[in-house]
Amino acid sequence: PERAYITSTGMHTRLIRNASTPWRAARLFSSKAEPLTLDTINPKVVEAQYAVRGEIVIRAEGYKKELMQGNTKLPFQEIVSCNIGNPQELHQKPITFFRQVIALVSYPELLDTPQVTELFPEDAVSRAKEYLACIPGGTGAYSHSMGIPAIREQVASFIEDRDGYASDPDTIFLTDGASSAVNMCLQLSIRGSGDGIMIPIPQYPLYSAGIALHGGKQVDYFLDESKKWSTSVQELTRAYDEAVAEGTSIRGLVIINPGNPTGQCLEEENMRDIVRFCNDTGVTLLADEVYQTNIYSTTPFTSFKKVVKDMESECKDVSLVSFHSVSKGFLGECGRRGGYMEVHNIDPEVQMQLYKLASVTLCSNLDGQIMTGLMTQPPKKGDISYPLYETEKTAILNSLKARSVQLVKSLNNLPGITCNIVEGALYAFPSISLPAKAVEAAKKAGKSPDAFYCLQLLDETGVVVVPGSGFGQEPGTFHFRTTILPPPDQMERVTDRMADFHKSFMDKYV
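Residues numbered from 1 in each chain as written. Predicted model: local features only at pLDDT ≥ 70, side-chain atom pairs only at ≥ 80, totals over all residues. Heavy atoms only, no water.

**Student:** Sorry, what's going on with the side chain of T495 here?
**Tutor:** For T495, the position within the fold is in helix α17 (residues 488–509). Among the polar contacts listed, one links the side chain of T495 to the backbone oxygen of E492, at a separation of 3.0 Å. Not counting residues within four places of it along the chain, the set of residues in contact with T495 comprises Q406, L407 and S410. (Helix = DSSP H or I, 4+ residues; strand = E, 2+ residues; numbered from the N terminus. Polar contact = N/O pair within 3.5 Å; in protein donor to acceptor, adjacent residues only side chain to side chain. Contact = heavy atoms within 4.5 Å.)

**Student:** Please clarify how helix α2 (residues 55–68) should be interpreted in this entry.
**Tutor:** Think of an α-helix as 3.6 residues a turn; residues three or four steps apart then line up on the same face. With 14 residues, α2 ought to run about 20 Å at 1.5 Å a step, and its terminal C-alpha atoms sit 20 Å apart, in line with that. When we look at burial in α2, the residues that qualify are I56, V57, A60 and Y63. Seen along its axis, α2 keeps its buried residues to an arc of 110 degrees; they face one direction. Every exposed residue of α2 that faces more than 90 degrees away from the buried side is listed here: I58, K65 and M68. Buried residues in α2 make contact with α16 (449–461), β15 (463–464) and β16 (466–467). Backbone geometry just after α2 places G70 at a positive phi near 95 degrees. (Expected span 1.5 Å × (residues − 1). Buried < 20%, exposed > 50% of the residue type's maximum accessible area, 1.4 Å probe, protein only. Arc of directions from axis to C-beta.)

**Student:** What am I meant to see in helix α3 (residues 96–106) here?
**Tutor:** Those residues of α3 not exposed but buried are F97, F98, Q100, V101, I102, L104 and V105. The inward-facing, buried residues of α3 abut α4 (116–119), α5 (122–134), α13 (366–376) and α14 (386–412).

**Student:** Teacher, can you tell me more about the pairing of strand β10 (residues 320–325) here?
**Tutor:** It is a general feature of regular strands that their side chains alternate between the two faces of the sheet. Among the six residues that make up β10, six are buried, leaving the element largely enclosed by the rest of the structure. Side-chain alternation along β10 places L320, S322 and H324 on one buried face and V321, F323 and S325 on a second face that is also buried. Looking at chain direction, strand β9 (residues 285–288) and β10 are connected through four bridges and run parallel. Bridging across to β10, L286 finds its partner in V321. With helix α11 (residues 304–310) bridging β9 and its parallel neighbour β10, the resulting β-α-β unit is right-handed. Taken together, the six bridges between β10 and strand β11 (residues 339–344) define a ladder with antiparallel strand orientation. (Pairing = 2+ DSSP bridges. Right-handed = clockwise from strand over helix to strand, strands pointing away.)

Here you go:
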């Protein structure tokens, strides 16, 4: 017989034979494991949403494939990705010195060739040698879990120069972009569904998604659009008191400065009020400062680390975690996944738990660590590469400022759209007054009204933006987020297409 069954101690064993294998025994289990389906996977994963890469982006990727395959029947000839702060995808050039050093550390054999000083400036060669001396195994080897010590020292020196206060390299973690650092802090802070994190509305979806994934509660506080998206302590207090009254334990307050998606820059006096709020409530301040060099207004960037240190005699109990990244600013090195967090006034035993979390992933990638070192210690006046570095940096930042003005002006010329000036970061977040018929049509289509608008914008123009509902917004209002990143010639095409679409959409649903 092909199969035989024997009984032993109440369990069954099945003897199986096929043409290529001898007899083998296979145990008959009482049940099978459930397959992975939406109903059986972790519900927190299903609950989490990340709008900047959601439905609209998936549809845009489909259009990209059609265009690559030669489809000429679409009403546009290109997809313009204004949905995400990804500067180099939209043709921003990398900083030459940074890429030269990365090239040399990635292929150190170049340093041994006679032509190296003909191909690379001397300061790039010396910087590459300095980094390689700190990582004997090269960039393909693991580093310390908190990051290469010499680069953490560079970051600490940058913070000290920026703020005028000392920074301890042993309180700095080099991370795979700021996002992984944020998730480490959320994982550390959230114990269960009774723990809340206060986040601004509108917010960057990293925070809402991370809170959902870790099983916490999102506690919203609203930015004031009528006052350039300002943060008021009165609103922070309302959100805090209501959450506590419902039994929520507030574990952190997220401040994004400059703002994403709203583009505002906080005044220092406003920041001092926020620090007092954290001191009075005992809430840990989580300062997302990844856009700190993207400043286009007269309001300068001031770090929360400086404000906290300035107020130390008045507010000595404030715990602070600050985040920075190579993805934004004038670098735009998103794919390098480099960044850091600095912890200040955090219990040393808690910091050891952060170190444990960092150790679980062994270390952040070394290219990102080195790019972070370069960001914080670029060429200085007198260095061979300084003139080119300064020229490239200034050109990028001046162009971004000009594009932000051009975009906001164009948006404000459209009926039913109002947009605050972009003081910083890489985005505009205009408000749209949608006709009642459009709202009703969106409802019938099973879409939020702003998503309905953004999907049609994509279908007719190839321009990808993100609906405001993906970031959160005041009930009854509608927005979308768009980057200021398309280069000047493309930006003009984008604003013209958006204007034509908007007029057609409004006429259709008036």
